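Commentary on secondary and tertiary structure
Chain by chain, the residues run as shown.
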Amino acid sequence: MQRNEVYSCPQCQALNKATLSQTSILICKSCKSLIPDPQGHQALPDASPMPEDWSFLKLGSVCDLPQQSFTIVGRCRLQLRNEYKNFWCAEYASGKALYVVESFGSFAIFLSPWADYTKNASKLRAGKSIEISSDVTLTGEYVEKCEGLSFEGELGPWAFIKPGFFVVQASTGPKTAIFFIDPKKNIDYLLGEKITSDRLNFKNTIEWNEWK
Ligand SMILES: [Zn+2]
């Protein structure tokens, strides 16, 4: 898809604009079906409707940091066995994508792109030291299976479209990483930082009295 190009939904003909320089998923804002793209995913097998949850973020929320502001354009919600994670995709700096990951009111921001994890996969467990690079070692916090996926809006690079993969979270201080391990043992991860919602300074959010 092309940034700033408008795509007509093949199901309902609603017009949807792509805002990222690299879009892998674009979901129609009206009928919630996938708008297929030759370079992106052609289908989202086993995707579930987006459930109501208690997030105060929505598509169009803006995060205003001193150096940069960014706008939420889409999300993938992972239903894990014991919790959930919202991977909010945000557009900044004219088409770049980043992810803000939210779980029960805690936030982490991931500016760096998805990377392949090529080190020892057996270390990706709770309580283990997980080496990312010569100067970054994290401690595994938990491993959970992804049991459901829901998508809305526009996502930048995103390879995992079927539930059943494992999610590992590891952190040390503010540094944090989230690993996705698929059944064929391909491992992708994001490395970023935990951040408080005050510091993210969100605007255009859902007020508490708008919750249904
Ligand atoms: Zn549609």
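Structure first, text after, so check above.
Residues numbered from 1 in each chain as written. Predicted model: local features only at pLDDT ≥ 70, side-chain atom pairs only at ≥ 80, totals over all residues. Heavy atoms only, no water.

**What to know about the overall build of the protein**
Secondary structure assignment for the protein yields one helix and 15 strands. In terms of overall dimensions, the protein is globule-like: its C-alpha atoms have a radius of gyration of 17 Å, near the 17 Å expected for 212 residues. Here the C-alpha coordinates of the protein stretch approximately 50 × 40 × 35 Å along the principal axes. Looking at the protein residue by residue over its 212 residues, the buried ones come to 47%. Taking the intrachain contacts of the protein between residues at least 6 apart in sequence as the baseline, contacts between residues at least 24 apart amount to 53%. Approximately 10,900 Å² of the protein is accessible, and the part contributed by carbon and sulfur atoms is 50%. (Helix = DSSP H or I, 4+ residues; strand = E, 2+ residues; numbered from the N terminus. Rg over C-alpha atoms; globule rule 2.2 N^0.38 Å. Buried < 20%, exposed > 50% of the residue type's maximum accessible area, 1.4 Å probe, protein only. Contact = heavy atoms within 4.5 Å. Areas by Shrake-Rupley, 256 points an atom, 1.4 Å probe, with all protein chains shown as cover.)

**Side note on the coordination of the zinc ion**
The zinc ion binds to the protein through Cys9 (SG), Cys12 (SG), Cys28 (SG) and Cys31 (SG), with metal-donor distances spanning 2.2 to 2.4 Å. Angles of 102 to 114 degrees at the metal separate the four donor atoms of the zinc ion, which places the site in the tetrahedral class. For Cys12, a relative accessible area of 31% translates into the label partly exposed. (Donors = N, O, S within 2.8 Å, 3.2 Å for Na, K, Ca; no water. Tetrahedral: all angles 85-135°; square planar, octahedral: opposite > 155°, others 65-115°.)

**Some remarks on the nonpolar core**
Soluble globular proteins tend to pack their nonpolar side chains together in the buried interior. Residues Ile25, Leu78, Phe87, Phe151, Trp158 and Phe180 are the most contacted members of the largest nonpolar core, which totals 27 residues. Listing elements by their share of this core, those giving two or more residues are strand S5 (69-80), strand S6 (84-92), strand S7 (96-103), strand S8 (106-110), strand S11 (136-155) and strand S13 (175-181). Trp158 has contacts with Ser24, Ile25, His41, Cys76, Leu78, Phe87, Tyr99, Trp114, Phe151 and Phe180, leaving out every residue within four places of it along the chain. If you look at the next biggest cluster of nonpolar residues, it comprises 15 residues, including Leu57, Tyr92, Phe107 and Phe202. (Core = buried A, V, L, I, M, F, W, Y, C linked by side-chain atoms within 4.5 Å.)

**Here's the deal with the side chain of Glu154**
You can see Glu154 is positioned in strand S11. Apart from residues no more than four positions distant in its own chain, Glu154 is found in contact with Lys17, Ala18, Thr19, Leu20, Thr23, Ile25, Leu26, Val73, Gly74 and Cys89.

**Quick word on the packing of aromatic side chains**
The full count for this structure, using the stated rule, is 18 aromatic pairs. Each ring, one from Tyr117 and one from Phe179, has its centre 5.2 Å from the other, and the planes form 80 degrees; the classification is edge-to-face. Here the residue Tyr117 occupies a position in the loop between strand S9 (115-116) and strand S10 (129-133), and Phe179 occupies one in strand S13, the gap between them amounting to 62 residues. Among the aromatic side chains, those forming a connected cluster through ring pairs are Phe87, Tyr99, Trp114, Trp158, Phe160, Phe165 and Phe180. (Phe/Tyr/Trp six-rings, centres within 6.5 Å; stacked < 30°, edge-to-face > 60°.)

**Re the pattern of salt bridges**
Counted by the stated rule, this structure contains seven salt bridges. Here Lys203 ties to Asp64 by a salt bridge, and the two come within 3.0 Å at their closest N and O atoms. Taken together, the residues span a long stretch of sequence, with Lys203 in strand S15 (residues 202-203) and Asp64 in strand S4 (residues 62-64) at a distance of 139 residues. According to the relative accessible area criterion, Lys203 is partly exposed, its value standing at 38%. On the basis of relative accessible area, Asp64 is assigned to the partly exposed category, the value being 30%. (Salt bridge = Lys/Arg side-chain N within 4 Å of Asp/Glu carboxyl O.)

**Some points on the pairing of strand S14 (residues 187-195)**
Pairing of S8 with S14 involves three bridges; the strand directions are antiparallel. The residue bridging Ile109 from the neighbouring strand is Glu193, located in S14. Here two bridges tie S9 to S14, and the two strands are oriented antiparallel to one another. When the sheet's bridge partners are listed, Ala115 is paired in S14 with Tyr189. (Pairing = 2+ DSSP bridges.)

**Remarks on unusual backbone geometry**
A positive phi angle is found at Lys32, which is not glycine, with a value near 70 degrees. Here Lys32 shows up in the loop between strand S3 (25-26) and S4. A residue is classified by how much of its surface remains accessible, and Lys32, at 53% relative accessible area, is exposed. Phi at Asn201 is positive, roughly 50 degrees, even though this residue is not glycine. Summarising the element assignment, Asn201 is placed in the loop between helix H1 (197-200) and S15. Judged by relative accessible area, which is 32%, Asn201 ranks as partly exposed.

**So, the pairing of S13**
Summarising burial for S13: six of the seven residues are buried, a large majority. Examined bridge by bridge, S13 and S14 share seven bridges and lie antiparallel to one another. Within the sheet, the bridge partner assigned to Ala177 lies in S14 and is Leu191. Following S13, the chain reverses through five residues before pairing antiparallel with S14; Lys185 in that reversal takes a positive phi of roughly 70 degrees.

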